[in-house]
Amino acid sequence: MLIPLILSGGSGTRLWPISRKNLPKQFLPLSGEGTLFQQTVARTERLPDVGAPIVVASDDHRFLVADQLLESLVDGATIILEPVARNTAPAIALGALHAVANDPDAILLVLPADHLIGDTESFVSAVEQALSSAKDGWLVTFGIRPSRPETGFGYIRRAEAINDSAFRVERFVEKPNQETAQSYVADGGYDWNSGMFMFKAARYLEELALHAPAMLASVKEVFATAKGDLDFVRLDAEAFGKVPDDSIDYAVMEKTKRAAVVPVSCEWSDIGSWSALWLAGSKDVNGNLSEGDTIAINTHNALVRSHDRHLVATVGLDDVIVVTTPDATLVAHRDAAQDVKRVVDELKARGRSEHSLHRAVRRPWGSYDSIEAGDRFQVKRIVVKPGAALSLQKHHHRAEHWIVVSGTAEVTCDDRVFLLSENQSTYIPLGSVHRLRNPGKVALELIEVQSGSYLGEDDIVRLEDVYGRS
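Note that the structure is a prediction, hence the values are computed from the model and not measured. (Residues numbered from 1 in each chain as written. Predicted model: local features only at pLDDT ≥ 70, side-chain atom pairs only at ≥ 80, totals over all residues. Heavy atoms only, no water.)

Peer 1: Lay out the UniProt feature "domain: MannoseP isomerase/GMP-like beta-helix" (unreviewed entry) in the chain in plain terms, naming residues and giving numbers.
Peer 2: Under the UniProt annotation, the feature "domain: MannoseP isomerase/GMP-like beta-helix" (unreviewed entry) is placed at residues 292-347. Between the end C-alpha atoms of residues 292-347 there is a gap of 26 Å, over a span that is 14% helix and 38% strand. (UniProt positions renumbered as here; feature names shortened; annotations may be inferred. Helix = DSSP H or I, 4+ residues; strand = E, 2+ residues; numbered from the N terminus.)

In structure tokens form, the structure reads like this:
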């Protein structure tokens, strides 16, 4: 059976301020229907004789993955949680071990969760063409036929044909300079390295044993002690942190004698930067890609993206990127899109939270948005999903006042449990043990006013939590 193995551990720092550590690009609706992760899952459902996906994701994103699979009506998925990032080779090994434990002949289709593919039919056709090579023991990668000289991608040099659709890989090439990239495109024998693969799970483990035996031994040791927790497979953090960090390209594909490539043209993009998103998007007559409430006067070849009802207007600008969120605005030249990561690095160096958190923060029970803050007070808009509940908790440094905007709230405050309806409110004194639950069928929305000497999120003492958070 063909098993999709979806790698969802990326951070997408070059798409800041939309993509951040706690909500990276794969979980965002950047282009088309649904998020990039959901689009990746949906593409696999078009394949013949395909099983439920295996997803390898960061532990920090576990509820994002679970919620988006639920929204996509996907049943039976396995979600393996990485406590720390160890690159693609160990992540694929985890998926391969899980696959062979259930089906020794399983074939893995390895897909990054954050790619955009505009031509699904061509993608499906390429996967079907690659199946015979994978069944014959080849480690197949999908090479994207280059549409332009691109210095941001690695390349694959094709050798002789294996069959009607696949070629032996002569060599993998690192990201070239502009002149070299032009020569590759003119040559016609090079493809972009997409990071998508297909092979028998057992064959991958054999190659890993041959070329990276220490890595395989470490991953096997970790996998042997994996534990189920709700919808997730958890790994021992200390043991997984000792697994060698390496990509599948360096650990296996550049060393194996059985690497094959299937060329494909499927309107592919890795959405690795704002300029890549501009290239992939549908632009107006002036070459502008706009989203949200925007006005562009004498503006050309720009990407302008506004948040919610925040108007963004540009005048007399060419080749720029303008992106707003509730707490940050990016203005950059399109040619400098790869340098956006430097902003993230600077935010980290200054100890600021904007590199990792949005103003609006998602939680397994819903979300909260810090709409105002000052000395000794903070105002949040809280949304709780139907049937969901926050943890039973208390605070050492703050009191809270809750006002219900819509829906019904079940409030626990010390030894009292009571309901609040629209326009009703209650006060949670400092130190009180409390919980908020939505017993209804519609979302609960309320305004929370915090007051006290310290208002940080780490002033939460959880006494009970249905989501297993400490």
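We are not done yet, so read on.
Peer 1: Before we move on, can you summarise the pattern of salt bridges with the specific residues and values?
Peer 2: Applying the stated criterion to the full structure yields 27 salt bridges. A salt bridge links D191 to R145, with the nearest nitrogen and oxygen atoms 2.3 Å apart. Taken together, the positions of D191 in strand β9 (residues 190-200) and R145 in the loop between β6 (139-144) and β7 (155-161) put the pair 46 residues apart, joining distant regions of the chain. Residue R359 pairs with D369 through a salt bridge whose shortest N-O separation is 2.7 Å. Of this pair, R359 sits in the loop between α11 (340-349) and β20 (360-363) while D369 sits in strand β21 (residues 366-374), and the two are 10 residues apart along the sequence. A residue is classified by how much of its surface remains accessible, and R359, at 27% relative accessible area, is partly exposed. (Salt bridge = Lys/Arg side-chain N within 4 Å of Asp/Glu carboxyl O. Buried < 20%, exposed > 50% of the residue type's maximum accessible area, 1.4 Å probe, protein only.)

Peer 1: So, the sheet that holds strand β14 (residues 289-291): which residues are in play, and what are the values?
Peer 2: The strand order across the open sheet formed by 4 strands is β14-β16-β18-β19, and the pairing between neighbours is mixed. The two strands at the open ends of the sheet, each matched to only one other strand, are β14 and β19 (329-333). If you compare each strand with its neighbour and ignore which way they point, the axes differ by 5 degrees on average. Bridge count between strand β18 (residues 320-324) and β19: 5 bridges; the pairing is antiparallel. Looking at the pairing, V320 lines up with H333 of β19. (Pairing = 2+ DSSP bridges. Axes fitted to C-alpha atoms, helices over the stretch in contact; angles between N-to-C directions.)

Peer 1: Give me the environment of R416: which residues, what numbers.
Peer 2: Among the structural elements, R416 can be located in strand β26 (residues 416-420). Taking C-alpha positions, R416 is 39 Å from V74, a pair spaced 342 residues apart along the chain.

Peer 1: Tell me about the UniProt feature "domain: Nucleotidyl transferase" (unreviewed entry) in the chain, and please be specific about residues and values.
Peer 2: Mapped onto this numbering, the UniProt entry annotates "domain: Nucleotidyl transferase" (unreviewed entry) at residues 4-284. Measuring from the first to the last C-alpha atom of residues 4-284 gives 36 Å, for a span that is 36% helix and 24% strand.

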